[in-house]
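Each chain, letter by letter, is given below.
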Amino acid sequence: MSKRIHVSTTINGAPTEFLCEARQSLLEVLRDTLRLTGSKEGCGNGNCGACTVLLDGVPVDSCLVLAVEAEGADITTVEGLAHDTRLHPLQQCFLEGAALQCGICTPGFLVTAKALLDRNPKPTEHKIRFQLSGNLCRCTGYDKIVRAVQEAAKALDGNGRAEKKAAAKPRAAAH
Amino acid sequence: MAEHKTASPAKSDAAQSAGNGHAQTNGSTVAPPYRVIGTRPVRHDGADKVTGRAVYGADLQLPGMLYGAILRSPHAHARIKSIDTSAAEQMPGVLAVATARDLPNLKDKVANLGEGAVNLAHLGANVLAHDKALYKGHAVAAVAAVNIHVAEAALAKIRVDYEPLTAVTWVLDAMQPGAPILHPDLRTDELGEPGAGNTNISTHLHFEQGDPDKAFGQADVVIEREYRTATVHQGYIEPHVSTALWNNDGHLTIWTATQGSFTARQQTAELLQIPLSQVTVVPCEIGGGFGGKIPVYLEPVAALLSRKCGRPVKLIMNRADVFEGTGPTPGSFVRVKLGAKKDGRIVAAEAYLAYDAGAYPGGMIGPGCMCVFSCYDIPNARVDGYDVCLNKPKTAAYRAPGATQAAFACESVVDELAEKLGIDPIELRLKNAAKEGTRRVDGPVYDRVGLVETLEAARNTPHWKSKLEGKNRGRGIACGFWFNIGLKSSVSAHVNFDGTVTLLEGSTDIGGSRTSIAMQLAETLGIKAEEVIPRVVDTDSVGYTDVTGGSRVTFATGLAAYHAGLDIIAQMRQRAALVWECKVEEVEFDAGTFRHKKQSLTFRELAGKLHQTGGAIVGRASVDPEGATNGFAVQIADVEVDPDTGKTTILRWTIVQDAGRAIHPSYVEGQMQGGAVQGIGWALNEEYLYDDKSRMTNASYLDYRMPTALDLPMIETVIVEVPNPAHPYGVRGVGEVPICAPPATLANAIYRATGVRMRELPMSPPRVWAALAAKK
């Protein structure tokens with residue numbers, strides 16, 4: 001077994017250190033070492049997006065990032081989207097809009113969509129579809145996912161303050 | 001009939017008000033005043049699934065767990081002369097190695113797995129190849145080691161001596177005399193009689209009714225065409241995964257991603273020749289299946305490895321393993337001939353279907369034959385079907401297995417018929433639509449079905465009524481059918497003292513069925529959907545339940561929940577009678593309230609008195625409902641074809657489907673949308689590509705091109721409700737029908753856009769471009 005390397009990161013706001021082998025992907029360390037299994041492995045070669053995490057705010061396929069590359073990075077995984085007991089508006093809108101069926105791709109979609117809304121609070125449908133095109137879903141046909149992102153954009157209202165509102169008062173179910 | 005509509009993007013507000021509940025009816029059968037059914041509660045497992053907490057198979061980690069890996073054949077067809085595992089066994093960190101020699105030798109025993117039977121000798125050889133590898137990716141040996149990297153390194157040390165053989169991957173080639181033979185002992189089951197001589201054709205099916213030859217002679221128009229479809233994969237995003245622990249007391253526990261925990265238990269126990277009761281299957285959350293997670297692949301292998309080393313072993317496939325080693329759906333050749341009178345009445349039909357079985361017999365030819373003419377009332381028909389072995393993975397079910405290939409052919413010919421006769425394609429279909437009393441060519445006579453209502457609803461959609469203008473644009477329409485199945489389901493449910501009810505079920509939840517089943521129990525008990533707590537439990541904790549497949553779960557497991565609800569109500573009435581000191585017959589129950597004279601107790605209030613009246617109440621039911629529930633869908637597509645590249649862009653899509661009754665309309669719409677999009681992928685892009693040695697060359701999501709969000713518009717849905725008389729709430733099952741029509745819908749749309757009839761799938765840009773070039 002090869003020598004292990006020490007890596008210091010911040011994951012979901014918490015300073016986190018781990019040891020890894022040089023060949024290990026960030027996804028493998030997140031899942032098997034740190035037990036953050038919300039990020040999923042659908043393909044292992046960057047084509048399905050189920051393992052998407054934010055690396056310094058940028059969505060990346062964590063199966064294509066070496067764990068050692070995370071040194072000093074700020075990482076957000078799906079486990080970091082909710083605050084305390086409050087779901088992120090994207091999570092809430094995915095639930096109310098039935099934007100998931102089997103749910104295996106959902107973490108990747110949520111993280112990718114968060115990256116989109118963080119940078120572009122009022123995306124067009126085309127922009128949403130473009131941004132999500134690196135994430136594969138085989139169950140939904142994407143319709144309800146796109147609508148959920150549109151609803152979340154409305155809930156966030158461009159300033160993030162709606163987060164509390166969405167959590168405090170669940171809206172009527174969309175489609 | 002009631003209709004739910006979802007929005008076109010521009011009309012979401014209007015549609016939202018119309019889309020909730022049973023707002024629109026035409027008065028023929030008005031929906032009863034349900035309180036739960038037809039609403040859209042948040043799914044019970046929702047929070048787990050949006051926070052990453054839900055435990056899927058790959059997320060499981062047990063103390064002392066080892067990681068396994070599987071060596072797969074690099075050849076499409078080869079004799080395995082020897083396997084030397086000694087170097088791998090001696091590697092540090094390797095704890096077990098397994099090959100087919102570790103599996104019991106199984107005779108040709110057939111096990112019924114609910115949605116299809118399986119020959120256990122073939123299943124065993126598919127799990128670990130014996131003397132021959134029959135496709136690239138065929139599992140040959142397995143290793144368990146301290147981590148995945150050591151396991152993979154150990155695979156490289158296993159020496160397999162192969163003698164490569166000639167392979168065959170196109171169904172018509174495999175049927176030729178002189179084709180490479182996969183199974184020397186295979187003889188064609190020729191209408192029940194064994195054929196003579198070597199063959200790859202495992203079965204010939206034949207169905208006939210009326211006098212097709214005479215009827216063709218009397219037809220004014222006869223059209224006969226041939227269609228070809230490529231092999232496609234179910235494409236679920238979660239790769240197969242299983243973890244096994246063979247405990248020191250001999251008990252085997254398997255945590256797995258399966259559509260059927262009980263059938264996975266049965267297959268595993270039979271393959272290992274151990275008693276059923278020695279195996280517990282714990283179904284983890286499952287990341288898609290679409291039929292592909294019914295057969296076992298990893299479960300018995302993980303068990304063998306665990307038995308050898310006494311520790312839990314987890315096996316996970318990578319994506320290439322999934323494409324190359326698990327069941328795709330059959331590639332096919334289909335010839336369809338239809339004869340009609342001038343007025344559009346179809347009087348005669350004939351079909352020849354040859355489907356890939358894959359490496360072992362027993363593909364999807366049966367349902368292909370059943371479904372090819374299933375949308376129409378055709379008195380004279382003949383269908384011949386062939387199940388053909390070739391050097392591809394053993395095919396598995398894929399959403400209405402076998403029906404999509406057949407629908408592509410039949411619905412394309414129907415479109416040509418409409419054009420030739422100068423009749424509107426919906427009118428022609430209405431004129432011939434199957435209805436109550438129609439006898440399908442394979443025998444069944446339909447009960448009440450909703451194709452006519454679905455076609456009429458399609459004709460009334462804003463989409464169909466709109467005008468499509470512009471160059472290179474066209475609109476297509478087609479029908480799809482799936483019979484849906486019943487099979488066995490069990491549930492038990494206990495009333496908690498706070499008035500909630502915990503529901504234990506055996507149907508693995510692949511897309512929200514916990515909620516659709518819980519809602520039926522809630523409706524029965526007169527409580528809220530949120531007051532039912534559904535739990536999918538292991539094979540020791542609930543009665544036998546068949547697979548999550550055949551669009552059966554909301555129908556059959558929902559039926560079981562209904563009966564468990566009635567059982568609970570009967571017991572609760574006894575308790576109310578104790579409280580009120582009256583006869584049980586005097587206790588009435590309606591909409592969640594128990595009454596006797598002027599006294600009343602809500603369900604919750606009475607639940608609070610269970611402690612004082614005898615303790616907990618457990619309701620239970622086990623059902624095996626008769627018959628099929630027969631679903632139909634009609635789909636409409638507007639496309640634009642780029643003449644320079646052959647690329648088809650979908651401008652607008654509508655699916656109209658009879659759900660019987662939509663328990664949770666959002667998840668019904670989701671099934672319709674998801675099925676339609678899988679059909680779109682099948683139609684336009686997806687295919688297994690092979691090199692000159694019959695090896696798959698595109699076993700990745702990059703090269704096996706499934707639809708992305710950017711490839712699609714919103715998918716408009718119209719739910720038609722013609723209640724199924726065989727279910728208390730009218731449920732028909734909705735999961736599979738939506739995949740059937742899209743290939744024909746798109747072929748018909750591409751024809752309207754370009755004047756070219758595409759008769760081979762996928763209608764990918766190079767193929768459409770070539771067809772356009774040939775037309776010039």
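Up top you'll find the structure we're talking about.
Here's a quick rundown of the structure. (Residues numbered from 1 in each chain as written. Chains lettered and ligands numbered in written order. Predicted model: local features only at pLDDT ≥ 70, side-chain atom pairs only at ≥ 80, totals over all residues. Heavy atoms only, no water.)

Notes on the overall build of chain B
Logical step 1: Within chain B, the regular secondary structure consists of 21 helices and 32 strands.
Logical step 2: Computed over C-alpha atoms, the radius of gyration of chain B comes to 27 Å, within 12% of the 28 Å expected from 2.2 N^0.38 for 776 residues, which places it in the range of a compact globule.
Logical step 3: Here chain B, with 776 residues, has 66% of them falling under the buried criterion.
Logical step 4: Long-range pairs, those at least 24 residues apart, make up 79% of the contacts in chain B with a sequence separation of at least 6.
Logical step 5: Working note: accessible area of chain B is about 26100 Å², and carbon and sulfur atoms make up 49% of it.
Logical step 6: Of the side chains in chain B, 77 bear a positive and 84 a negative charge, and the two mean positions are spaced by 2 Å. (Helix = DSSP H or I, 4+ residues; strand = E, 2+ residues; numbered from the N terminus. Rg over C-alpha atoms; globule rule 2.2 N^0.38 Å. Buried < 20%, exposed > 50% of the residue type's maximum accessible area, 1.4 Å probe, protein only. Contact = heavy atoms within 4.5 Å. Areas by Shrake-Rupley, 256 points an atom, 1.4 Å probe, with all protein chains shown as cover. Lys, Arg positive; Asp, Glu negative; His and termini not counted. Charge placed at Lys NZ, Arg CZ, Asp CG, Glu CD.)

A short note on the sheet that holds strand β13 (residues 201–209) of chain B
Residue and element names in this part refer to chain B.
Logical step 1: Taking strand neighbours across the sheet as the criterion, the seven strands line up as β12-β11-β13-β21-β20-β19-β14 in an open arrangement whose pairing is mixed. The sheet terminates laterally at β12 (193–194) and β14 (221–229), the two strands that pair on one side only.
Logical step 2: Sheet analysis places β14 next to strand β19 (residues 332–340), joined by nine bridges and oriented antiparallel. Bridged to Ile223 within β19 is Leu338. (Pairing = 2+ DSSP bridges.)

Focus on the interface of chain B and chain A
Logical step 1: Between chain B and chain A, the residue contacts involve 63 residues of the former and 54 residues of the latter.
Logical step 2: Between chain B and chain A, roughly 4700 Å² of surface is buried when both sides are summed, and carbon and sulfur atoms account for 57% of that area.
Logical step 3: Interface area lost by chain B to chain A is led by B:Val50, B:Ile237 and B:Met714, which between them contribute 16%.
Logical step 4: There are four salt bridges connecting chain B and chain A.
Logical step 5: A salt bridge links B:Asp59 to A:Lys40, with the shortest nitrogen-to-oxygen separation between them at 2.5 Å.
Logical step 6: Counting across the interface, chain B meets chain A through 27 residue pairs in polar contact (both at pLDDT 80 or more).
Logical step 7: Take the side of chain B that touches chain A: its biggest share by element is nine residues, from helix α19 (residues 665–684) of chain B.
Logical step 8: Within the side of chain B that touches chain A, the residues separate by chemical class into 32 nonpolar, 23 polar and eight charged. (Buried area = accessible area lost by both parts, 1.4 Å probe. Salt bridge = Lys/Arg side-chain N within 4 Å of Asp/Glu carboxyl O. Polar contact = N/O pair within 3.5 Å; in protein donor to acceptor, adjacent residues only side chain to side chain. Nonpolar A, V, L, I, M, F, W, Y, C, P; charged D, E, K, R; others polar.)

Some points on unusual backbone geometry
Logical step 1: Omega for the bond connecting B:Leu761 with B:Pro762 falls within 30 degrees of zero, at 0 degrees, which places this linkage in the cis form.
Logical step 2: The topology assignment puts B:Pro762 in the loop between α20 (742–754) and α21 (765–775).
Logical step 3: Its identity is not glycine, yet A:Ala98 carries a phi of approximately 50 degrees, on the positive side.
Logical step 4: Considering the arrangement of structural elements, one finds A:Ala98 in the loop between α2 (89–96) and α3 (106–119).
Logical step 5: For A:Ala98, a relative accessible area of 4% translates into the label buried.
Logical step 6: Despite not being glycine, B:Leu487 shows a phi value in the positive range, around 65 degrees.
Logical step 7: On the secondary structure map, B:Leu487 appears in the loop between β22 (473–482) and β23 (489–495).
Logical step 8: Assessed through its relative accessible area of 19%, B:Leu487 is described here as buried.

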